[in-house]
Amino acid sequence: GQQLNQSPQSMFIQEGEDVSMNCTSSSIFNTWLWYKQDPGEGPVLLIALYKAGELTSNGRLTAQFGITRKDSFLNISASIPSDVGIYFCAGPNQGGKLIFGQGTELSVKP
Amino acid sequence: EAQVTQNPRYLITVTGKKLTVTCSQNMNHEYMSWYRQDPGLGLRQIYYSMNVEVTDKGDVPEGYKVSRKEKRNFPLILESPSPNQTSLYFCASSWGQGAPEAFFGQGTRLTVV
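Right, let's walk through the structure included here. Since this is a predicted model, take the numbers as computed values, not measurements. (Residues numbered from 1 in each chain as written. Chains lettered and ligands numbered in written order. Predicted model: local features only at pLDDT ≥ 70, side-chain atom pairs only at ≥ 80, totals over all residues. Heavy atoms only, no water.)

## Quick notes on the overall build of chain B
- Looking only at helices and strands, chain B features zero helices and eleven strands.
- Counting from the amino terminus, helix and strand elements in chain B follow one another as β-β-β-β-β-β-β-β-β-β-β.
- Taking 113 residues into account, the globule formula puts the C-alpha radius of gyration at 13 Å, and chain B, at 13 Å, falls close to it.
- Viewed in the frame of its principal axes, chain B has a C-alpha envelope of about 35 × 30 × 25 Å.
- By the burial criterion, 50% of the 113 residues in chain B qualify as buried.
- A sequence separation of at least 24 residues applies to 54% of the contacts in chain B between residues at least 6 apart.
- In the form shown here, chain B has an accessible surface area of approximately 5,400 Å², with 52% of it arising from carbon and sulfur atoms. (Helix = DSSP H or I, 4+ residues; strand = E, 2+ residues; numbered from the N terminus. Rg over C-alpha atoms; globule rule 2.2 N^0.38 Å. Buried < 20%, exposed > 50% of the residue type's maximum accessible area, 1.4 Å probe, protein only. Contact = heavy atoms within 4.5 Å. Areas by Shrake-Rupley, 256 points an atom, 1.4 Å probe, with all protein chains shown as cover.)

See below:
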């Protein structure tokens with residue numbers, strides 16, 4: 001079935017650095033979603049992308065829907081300690097079911 | 001406040017002892033689902049429900065049961081838990097199966113010894 005592959009699996013960065021992570025698939029997605037999971041909590045939707053090439057921002061976060069519709073990128077600028085958590089990409093598969101990538105775990109050193 | 005509520009948050013049990021994890025949403029969502037989260041595997045769907053009395057298997061349904069007698073509740077049942085079901089479980093709800101935003105509960109950390 002359709003799968004989403006995220007990279008990197010984990011990142012350790014210094015506060016103030018920019019972060020970039022991506023998500024790829026062997027098949028096309030018509031919607032790309034980025035969720036964040038704070039430690040001890042459930043995932044929360046950050047950004048939703050609906051059109052190939054779309055670039056959307058949410059504060060210091062920017063996400064892009066890849067032109068091929070097989071990938072998406074999430075960038076975080078000027079990271080702060082509360083950015084710590086697991087970031088998941090997700091998208092509805094051909095049957096409409098939401099599937100998730102493996103997650104990118106972000107650690108921010110003050 | 002719109003929310004998905006799971007109980008309990010933490011549970012330690014022994015192999016074979018039946019347990020139920022409850023899930024309730026107050027948003028009148030039609031679609032509800034259960035996921036398990038394991039390191040390196042992300043979120044995998046166990047079961048889902050498109051509406052009352054309509055449930056179906058997700059990607060990893062073995063060893064689990066669900067029911068949807070009311071729109072707001074979607075309990076997850078482990079009839080005979082085994083150690084490989086030790087995991088972090090999330091309930092989620094959304095307007096429909098294709099709806100982009102899923103609202104998640106806070107999670108239930110289950111340990112089966």
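## Some thoughts on a nonpolar patch on the surface
Residue and element names in this part refer to chain B.
- Taken together, the side chains of Ile-12, Val-14 and Val-113 present a nonpolar region at the surface, about 300 Å² in accessible area.
- The residue Ile-12 is located in strand E2 (residues 10-13) in this model.
- Judged by its relative accessible area of 67%, Ile-12 is exposed. (Patch = residues over 30% accessible without salt bridge, like charges linked within 9 Å, V, L, I, M, F, W, Y side chains within 5 Å. Salt bridge = Lys/Arg side-chain N within 4 Å of Asp/Glu carboxyl O.)

## Observations regarding the pattern of salt bridges
- In this structure the tally under the stated criterion is seven salt bridges over all chains.
- As a salt-bridge pair, Asp-38 of chain A and Lys-36 of chain A come within 2.7 Å of each other at their nearest N and O atoms.
- Assessed through its relative accessible area of 34%, Asp-38 of chain A is described here as partly exposed.
- A residue is classified by how much of its surface remains accessible, and Lys-36 of chain A, at 12% relative accessible area, is buried.
- Here Asp-38 of chain B and Arg-44 of chain B are joined by a salt bridge, their closest N and O atoms 2.9 Å apart.
- Residue Arg-44 of chain B is classed as partly exposed on the basis of its relative accessible area of 25%.
- Linked through salt bridges whose partners overlap, the residues forming this network are Lys-18, Lys-65 and Glu-79 of chain B.

## Digging into the sheet that holds strand E7 (residues 65-66) of chain B
Residue and element names in this part refer to chain B.
- Taken together, the four strands give an open sheet; going across it, the order is E1-E3-E8-E7, and neighbouring strands pair in antiparallel fashion. Edge positions in the sheet fall to strand E1 (4-7) and E7, since each of these pairs with one other strand and no more.
- Bridge count for strand E3 (residues 19-25) against strand E8 (residues 76-78) is three bridges, and the pairing is antiparallel. Looking across to E8, one finds that Val-21 is bridged to Leu-76. (Pairing = 2+ DSSP bridges.)

## Remarks on the pairing of strand E8 (residues 71-76) of chain A
Residues and elements named next belong to chain A.
- Two elements, strand E3 (residues 19-24) and E8, share six bridges in a ladder whose sense is antiparallel. Paired with Asn-22 across the two strands is Phe-73, which belongs to E8.
- As judged from the five bridges shared by strand E7 (residues 61-65) and E8, these two strands associate in the antiparallel manner. When the sheet's bridge partners are listed, Ala-63 is paired in E8 with Leu-74.
- A loop of five residues connects E7 with E8, the two strands running antiparallel in sequence, and Arg-69 in this loop sits at a positive phi of about 65°.

## Side note on the sheet that holds E3 of chain A
Residue and element names in this part refer to chain A.
- The sheet built from five strands is open, its strands ordered E1-E3-E8-E7-E6 with antiparallel pairing. In this open sheet, the two strands that pair with only one neighbour each are strand E1 (5-7) and strand E6 (55-58). This sheet shows a mean twist of 15° between the axes of neighbouring strands, independent of strand direction. (Axes fitted to C-alpha atoms, helices over the stretch in contact; angles between N-to-C directions.)

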